[in-house]
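Here is how the chains run, residue by residue.
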Amino acid sequence: MTNLVVKVYPKQTLEKMAKYYLPHSVSNPPTGALFQAKLKSVTITAYTKSAKVMFQGIDALNESAFWQGGVAPLAKSTSPSPVNDHPYSPPANIGELSHIGTDEAGSGDYFGPLTVAAAYVDQAWIPKLLEIGVRDSKLLSDKQIIEMAKYLKPSIPFSLLVLGNEKYNEMQAKGYTQGKLKAVLHEKAFQNLLKKLPEESVEAILIDQFCLPEVYFAHTKTPRNRKPPVYFVTKAESISIAVATASILARAAFLKHMALIGDNVNNLVPKGAGAKVDQFAADVIQSYGESTLKNITKWHFANTEKARKLVNKG
């Protein structure tokens, strides 16, 4: 399955597209969508606020090319990338196979845990998941992610791992880089999931690539060639609904734990690792002390020293 996201200009093009695809439109498009249309080999979903349109399916590139004069490509899953040029790149039809996908959330956030999910999607389930709007979690709001995760959990076989901040900091102090932690968690997540599934049902495993495959194998001390085969590609959620599903489950778990942290410090915790995070961390130090801050953050991030400087400056 190929996914392609484009930004439409001018916005009147959206109205033309809605009219053009009207005979194929579904009655209940995803939240925030102007329309969703289903053709034989491609699903088109358009969003008014962002003026973005997603083409999903084996004919996504050809269908989007029809609107070439009024769209600007944002992401092409078929674009070559040097980081993906290795023997473990997935086959072109990976999105059409019954496979396991893995993804993580929280790796770039100072506050909150590192969460990793593995999800299995049978090829027969793909149309239903597309119908409910499953896609890369970065294209969904937090509210959509939480609601969609509620649907996915009882419907899709998955494995979810949450590495809390205290354990994360402990492992990091022992010499584990974040890359190694992610590798170990991705490996454990799909291994746990494999135990729940009939061996012959899994045709492949696709990991949203965060390091070179050889580095991954070194971190996990696992063989290169296995059955089912393990593949790596960046932006895997754009070509695999299994990875997109895993990204939603991992993100939902991260959001849940961020809310719990917020309850403990009586405030809404900012995401990411920018200036707002620095100031919030400084406020936590002043109100609760450094020990509390350490227990809810990835302590080795530069934000720790920035927060200390803000406290000392104040």
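Our structure's up above, just so we're on the same page.
Since the structure is predicted, the reported quantities are computational estimates derived from the model, not experimental observations.

Enquirer: Explain the overall build of the protein chain to me, and be specific about the residues and the numbers.
Expert: Counting its secondary structure elements, the protein chain contains 11 helices and 10 strands. The C-alpha radius of gyration of the protein chain comes to 21 Å, within 12% of the 20 Å expected for a compact globule of 314 residues. Dimensions of the protein chain, computed from the C-alpha atoms along their principal axes, are close to 60 × 45 × 40 Å. Burial status across the protein chain gives 51% buried among its 314 residues. Considering only intrachain contacts with a sequence separation of at least 6, the fraction spanning at least 24 residues in the protein chain is 72%. Split by element, the accessible area of the protein chain, about 15,200 Å² in all, is 54% carbon and sulfur.

Enquirer: Break down the sheet that holds strand β9 (residues 204-208) for me, citing the residues and quoting the values.
Expert: Sheet architecture is open: 5 strands sit in the order β8-β7-β6-β9-β10, paired in mixed fashion. The outermost strands of the open sheet, each flanked by one partner alone, are β8 (158-163) and β10 (230-233). Strand-to-strand twist of the sheet, defined as the mean angle between neighbouring strand axes without regard to direction, takes the value 15°. Where strand β7 (residues 114-121) and β8 come together, 6 bridges link them in antiparallel fashion. Looking across to β8, one finds that L114 is bridged to L163.

Enquirer: Before we move on, can you summarise the packing of aromatic side chains with the specific residues and values?
Expert: Throughout the structure, instances matching the rule amount to 12 aromatic pairs. Centroid distance Y20 to Y21: 4.9 Å. Interplanar angle 90°. Geometry classified as edge-to-face. Each member of the aromatic cluster is reached from another via a ring pair, and the members are Y88, F210, Y216, F217 and F232. Above the plane of the ring of Y168 lies K298, whose end atom (NZ or CZ) is 5.9 Å from the centre.

Enquirer: Kindly report on the nonpolar core, identifying the contributing residues and their values.
Expert: Within the largest apolar cluster, 67 residues are counted, with the highest numbers of intra-cluster contacts made by I100 and F111. Looking at which element gives the most residues to this core, the answer is helix α8 (residues 241-265), with 13 residues. Setting aside its immediate chain neighbours within four residues, F111 contacts F254, M258, V269, P270, V277, F280, A281, L293, I296, T297 and K298. Grouped together as the second largest cluster of nonpolar side chains are 17 residues, V6, M17, A18 and W67 included.

Enquirer: Residue-level account of unusual backbone geometry, with values.
Expert: For the bond from K227 to P228, the omega torsion is -5°, close enough to zero to count as cis. Mapped onto the elements of the fold, P228 is located in the loop between α7 (213-220) and β10. Look at K221: it is not a glycine, yet its phi comes out positive at around 55°. Relative to the elements of secondary structure, K221 occurs in the loop between α7 and β10. The class of K221 is exposed, set by a relative accessible area of 69%. One non-glycine residue, N266, lies in the positive phi region at around 55°. Note on N266: relative accessible area 63%, which makes it exposed.

Enquirer: Kindly report on the pairing of β7, identifying the contributing residues and their values.
Expert: Along any regular strand, the residues point their side chains to alternate faces of the sheet. Most of β7 sits inside the fold, with 8 of its 8 residues counted as buried. Because side chains alternate across β7, one face comprises the buried residues L114, V116, A118 and Y120, and the other comprises T115, A117, A119 and V121, equally buried. In the sheet, strand β6 (residues 99-105) pairs with β7 via 7 bridges, with the strands oriented antiparallel. Paired with D103 across the strands is A117, a residue of β7.

Enquirer: Tell me about helix α1 (residues 12-20), and name the residues and values.
Expert: Restricting attention to buried positions, one finds in α1 the residues T13, L14, M17 and A18. Buried positions in α1, seen along its axis, are confined to an arc of 140° and lie on one side of it. Within α1, the exposed residues directed more than 90 degrees away from the buried face are E15, K16 and K19.

Enquirer: Got a sec to walk through the packing of helix α9 (residues 275-288) against helix α11 (residues 303-313)? Specific residues and values, please.
Expert: Direction vectors running N to C along α9 and α11 enclose 65°, while the axes themselves pass 8 Å from each other. As α9 packs across α11, the resulting crossing turns out to be right-handed. Of the residues in α11, those in contact with V277, D278, Q279, A281, A282, I285 and Q286 of α9 are N303, K306, A307, R308, L310 and V311. Residue composition of the contact of α9 with α11, grouped by class: 7 nonpolar, 3 polar and 3 charged.

Parameters and conventions
Residue indices follow the written sequence of each chain, beginning from 1 at its first position. For a predicted model such as this one, the threshold for reporting local features is a pLDDT of at least 70, and the threshold for listing and counting side-chain atom pairs is 80 or more; totals across whole chains, interfaces and linings nevertheless cover every residue. Computation of side-chain values covers all heavy atoms of the structure but excludes hydrogens and water. Here a strand is any run of E in DSSP of at least two residues, a helix any run of H or I of at least four, and the numbering for each starts at the N terminus. Only the C-alpha atoms count toward the radius of gyration. The rule for a globule is 2.2 Å times the residue count to the power 0.38. Remark: exposure states derive from per-residue accessible area (1.4 Å probe, protein chains only) relative to the maximum for the residue type, with buried under 20%, exposed over 50%, and partly exposed in between. Here, two residues are considered to be in contact whenever any of their heavy atoms come within 4.5 Å of each other. What sets the accessible areas is the Shrake-Rupley method with a 1.4 Å probe; for residues, cover comes only from the shown protein chains. Any two strands with at least two DSSP-identified bridges between them are counted as paired. Working convention: axes come from line fits to C-alpha atoms, limited for helices to the stretch in contact. Angles between N-to-C directions cover 0 to 180 degrees. In summary, the pairing rule links any two rings of Phe, Tyr or Trp, Trp by its six-membered ring, whose centres are within 6.5 Å, and it sorts them by plane angle into stacked for under 30 degrees, edge-to-face for over 60 and tilted for everything else. To sit over a ring, a charge needs its Lys NZ or Arg CZ within 6 Å of the ring centre and within 35 degrees of the ring normal. In this description, a nonpolar core means a group of buried Ala, Val, Leu, Ile, Met, Phe, Trp, Tyr and Cys residues linked to one another through side-chain atoms lying within 4.5 Å. Working note: the arc is built from the helix axis to C-beta atom directions. It is the rotation of the near helix from the far one that decides the hand of a crossing: anticlockwise by less than a right angle makes it left-handed, clockwise makes it right-handed. Three classes are used: nonpolar for Ala, Val, Leu, Ile, Met, Phe, Trp, Tyr, Cys and Pro, charged for Asp, Glu, Lys and Arg, and polar for all others, with Gly counted as polar.

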